[in-house]
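What the coordinates show
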There are 2 protein chains.
Amino acid sequence: MTSSESRGFRSGATVANLVANARGLQPGAVARLISLVESDSPLLREVAVALAPHAGQAQVVGITGSPGVGKSTTISALTRAIREQGRTVGVLSVDPSSPYTGGALLGDRIRMLEHATDKGVFVRSLASRGRLGGLSAAVPQALRVLDASGYDVVLIETVGAGQAELEIASLADTTLVILAPGAGDDVQAAKAGILEIADVFAVNKADREGSAAVLRDLSRVQGYKPIPDDAWAVPVVQTVAAAGGGIVELLAAADGHFAWLRSTGSLAVRRRRRATAEVEAIVLDRVRARFASLTAPTALYAVAEAVARGTTDPYSAADQLFPV
Amino acid sequence: MTSSESRGFRSGATVANLVANARGLQPGAVARLISLVESDSPLLREVAVALAPHAGQAQVVGITGSPGVGKSTTISALTRAIREQGRTVGVLSVDPSSPYTGGALLGDRIRMLEHATDKGVFVRSLASRGRLGGLSAAVPQALRVLDASGYDVVLIETVGAGQAELEIASLADTTLVILAPGAGDDVQAAKAGILEIADVFAVNKADREGSAAVLRDLSRVQGYKPIPDDAWAVPVVQTVAAAGGGIVELLAAADGHFAWLRSTGSLAVRRRRRATAEVEAIVLDRVRARFASLTAPTALYAVAEAVARGTTDPYSAADQLFPV
């Protein structure tokens, strides 16, 4: 254990205590567990084992949309509405834009402005990616910490950027896509991809001009796809999040989708999808880490040298290093 | 061999002929080889083996910059300048923005407008990513096709989006970063990351207001980093690409950097870096493909189920599926 990891709790009783405290929704313990899974600590394995039996209880809602649609405001309003029902909320903000900096995101504003003293709300921002692309294992593991800690609902938000949306959707039970008038030609730009991942649409800023056009575009594009009898008919909820308008309805739509998942057995499918995404992210991180360690004359170095010289081809090199 | 692969050339003499024709810069053969490496064809291995001895000759220049800085215009002007020197050029345009669509990119415009009948210029656009992020192996392999075909210079362009820049830089001998006034607060936005990858800066639209400010910002940020005696001092070239201004100087700066790489032995380091990125992309694609095949009750399915149920943790699952 390094000194930075030992800081804040004594070894010995450490991980078990930390998990117990996190399950009492002590924000310091939750934050420390997330830091442990983020930092690839040697305690990671112990943390993972301790969390496993407690995971899988939270209702996980992924929230995405282009910049300017009002994600931050909507999440803040949803958080308030969920709290008013007596349920607890964890919010995870994922920044897919840059591998360079972590960068505080939207979610932090919520923490600062409103729920700072409410133990029933926990907010954390994360950078999403490893050095060479793909969802960093830190994101699903941070979700796992919030889930296992016992927050009733976990909101994961990400900026609408193709790939990040898909990745977050793979972790969520319900994916909420927010559109708004004036935030670019959303429906056009989003194309097929966003329709496929959305379980619920929110058309925010419903009081603004152009809102009807967004609704029309959306229903036209949705109309192309017939809905089988046993499928979920993706609802569209109009909101004015800044004034709280439509938020109760939006929450009801998300809850309705979750109930549908439970009743049809689809929840098990989504949970398996999440588990797969978790394990995949860990494996991809491992592969990247192995390649990143190419600084000394290792086996990999020799293989890279051979590929660079043209004496072997990269597929044979891949076979050699990672047999199929 | 599937019917779509056999279309266009007879089996038997196939791959060897195709590579021979590509090395005669026959655009049809080059295009078909790129399609083969893009499509994960069963002929891929044979193609890789056939290309290996011919790779490593091209001078590879990565070109990046935010939308609106004039990448397309600069590449078009550079292509013209390189051709005027009698050298041949391959251009690879990589679109990192979306996993949904391939989408024709900037480079295609060049092909259409100018060099359509010039065998010394080949232009191709590629989508950059696999379904779950990271550089698709298709990008380095398409580069390999252009390199092995014998184009003297290969230009790889990508839109400046954090991660994609890093990935393209890992393939290039020289990375050219284009800035311009009025294209957002480029230098600020770019921060440390872009300074680290740039071997040459172009400040385009040098005739516009605001150009001096970009230069000043750039030299201020660059000024923070002292340059050791044996290091490359990143040059800044002012261009007005639309009128061809500064393009000869920009090309000279890129050539100068390549000469420096050769003379210092740094070229071998960069080529090893590229080889590593190539092999890594192949391995990551394989891992993703294996996870994507999770549709039947396989071993992976059972493990995902166990993780979803909480009877195992995701790190133990990763160990089981992909031992460290």
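For clarity, every value in this text was computed on a predicted model and none was experimentally measured. (Residues numbered from 1 in each chain as written. Chains lettered and ligands numbered in written order. Predicted model: local features only at pLDDT ≥ 70, side-chain atom pairs only at ≥ 80, totals over all residues.)

Concerning the overall build of chain A
Along chain A, the regular secondary structure elements total 14 helices and seven strands. For chain A, the proportion of its 324 residues judged to be buried stands at 51%. Pairs at least 24 residues apart make up 74% of the contacts formed inside chain A by residues separated by at least 6 positions. (Helix = DSSP H or I, 4+ residues; strand = E, 2+ residues; numbered from the N terminus. Buried ≥ 20, exposed ≤ 12 C-beta atoms within 10 Å, placed from the backbone. Contact = placed C-beta atoms within 7 Å.)

Considering unusual backbone geometry
Leave glycine aside and you will find that most residues have negative phi; peptide bonds, for their part, are mostly trans. A positive phi angle, close to 55°, is found at Leu25 of chain A, a residue other than glycine. Within the secondary structure, Leu25 of chain A is located in the loop between α2 (14-23) and α3 (27-38). With a phi close to 55°, Lys205 of chain B is a non-glycine residue in the positive phi region. By the element assignment, Lys205 of chain B lies in the loop between β6 (200-203) and α10 (211-223).

Some points on the nonpolar core
Grouped together as the largest cluster of nonpolar side chains are 176 residues, with contacts concentrated most on Ile156 of chain A together with Ile156 of chain B. Not counting the four nearest positions on each side in its chain, Ile156 of chain B is found in contact with Val60, Gly62, Ile63, Leu92, Val94, Leu143, Ile168, Leu171 and Ala172 of chain B. (Core = buried A, V, L, I, M, F, W, Y, C linked by C-beta atoms within 7 Å.)

A closer look at the pairing of strand β6 (residues 200-203) of chain A
Residue and element names in this part refer to chain A. Covered by surrounding structure in β6 are Val200 and Ala202 together with Phe201 and Val203, the residues of both alternating faces. For strand β5 (residues 174-179) and β6, the ladder comprises four bridges, and the chain directions are parallel. Across the sheet, the residue bridging to Leu179 is Val203, located in β6. In this sheet, strand β7 (residues 236-238) lies alongside β6 in parallel orientation, the contact comprising three bridges. Note that in β7 the partner of Phe201 across the bridge is Val236. (Pairing = 2+ DSSP bridges.)

A look at helix α5 (residues 71-84) of chain B
Residues and elements named next belong to chain B. Compared with the 20 Å implied by 1.5 Å per residue over 14 residues, the 20 Å span of α5 between its first and last C-alpha is a close match. For α5, every residue scored as buried is listed here: Lys71, Thr73, Thr74, Ile75, Ser76, Ala77, Leu78, Thr79 and Ile82. One or two residues past the end of α5 sits Gly86, with phi positive at roughly 85°. (Expected span 1.5 Å × (residues − 1).)

Points about the confidence of the model for chain A
All names here are of chain A. Of all residues in chain A, 76% attain a pLDDT of 70 or more, and the chain-wide mean is 81. Taken element by element, chain A is modelled with least confidence in helix α1 (residues 3-6), mean pLDDT 43, and with most confidence in helix α11 (residues 247-264), mean pLDDT 96. Across residues 1-12, confidence stays below pLDDT 50; counting only partners more than four residues off in sequence or on other chains, it has eleven contacts. Low pLDDT, under 50, characterises residues 98-108; the stretch is placed with 30 contacts to residues that sit more than four places away or in other chains. Scored by ipTM, the complex comes to 0.75, with pTM at 0.73. (pLDDT = per-residue confidence, 0-100.)

Digging into the packing of helix α2 (residues 14-23) of chain B against helix α3 (residues 27-38) of chain B
Residues and elements named next belong to chain B. The N-to-C vectors of α2 and α3 enclose an angle of 125°; their axes lie 7 Å apart at closest approach. Taken together, the axes of α2 and α3 are oblique relative to one another. Handedness of the crossing formed by α2 with α3: left-handed. For the pair α2 and α3, the contacting residues are Leu18, Asn21 and Ala22 in the first and Ala29, Val30, Arg32 and Leu33 in the second. (Axes fitted to C-alpha atoms, helices over the stretch in contact; angles between N-to-C directions. Parallel < 35°, antiparallel > 145°, perpendicular 65-115°, else oblique. Left-handed = near helix turned anticlockwise from the far one by under 90°.)

Description of the packing of α3 of chain B against helix α7 (residues 138-149) of chain B
All names here are of chain B. Where α3 meets α7, the closest approach of the two axes is 9 Å, and the angle between their N-to-C directions is 155°. With respect to α7, the axis of α3 lies roughly antiparallel. Like other packed secondary-structure pairs, α3 and α7 cross with a definite hand, here right-handed. Mapping the contact onto sequence places Val30, Leu33, Ile34, Val37 and Glu38 in α3 and Ala138, Gln141, Ala142, Val145 and Ser149 in α7. Considered class by class, the residues forming the contact of α3 with α7 number seven nonpolar, two polar and one charged. (Nonpolar A, V, L, I, M, F, W, Y, C, P; charged D, E, K, R; others polar.)

A few points about the environment of Val303 of chain B
Assignment of secondary structure puts Val303 of chain B in helix α13 (residues 299-309). For Val303 of chain B, a count of 22 C-beta atoms within 10 Å puts it in the buried group. With near-sequence residues (within four places) excluded, Val303 of chain B lies in contact with Val279 of chain A together with Ala317, Gln320 and Leu321 of chain B.

Some thoughts on the environment of Gln141 of chain A
All names here are of chain A. Relative to the helices and strands, Gln141 is located in helix α7 (residues 138-149). Gln141 gets classed as buried once you count the C-beta atoms within 10 Å, which come to 26. As for Gln141 and Ala48, which are separated by 93 residues in sequence, their C-alpha atoms are 8.4 Å apart.

Observations regarding the environment of Leu321 of chain B
Inspection of the secondary structure assignment puts Leu321 of chain B in helix α14 (residues 314-321). With 18 C-beta atoms counted inside 10 Å, the residue Leu321 of chain B sits in the partly exposed group. As a C-alpha pair, Leu321 of chain B and Leu300 of chain B span 21 residues in sequence and 7.2 Å in three-dimensional space. Setting aside residues no more than four positions away along its own chain, Leu321 of chain B makes contact with Val279 and Val283 of chain A together with Leu300 and Val303 of chain B.

Description of α3 of chain A
All names here are of chain A. The terminal C-alpha atoms of α3 lie 16 Å apart, and with twelve residues this matches the ideal 16 Å at 1.5 Å per residue to within 8%. The set of residues buried in α3 consists of Ala29, Val30, Arg32, Leu33, Ile34, Leu36, Val37 and Glu38. Asp40 sits one or two residues past α3 and shows a positive phi near 55°.

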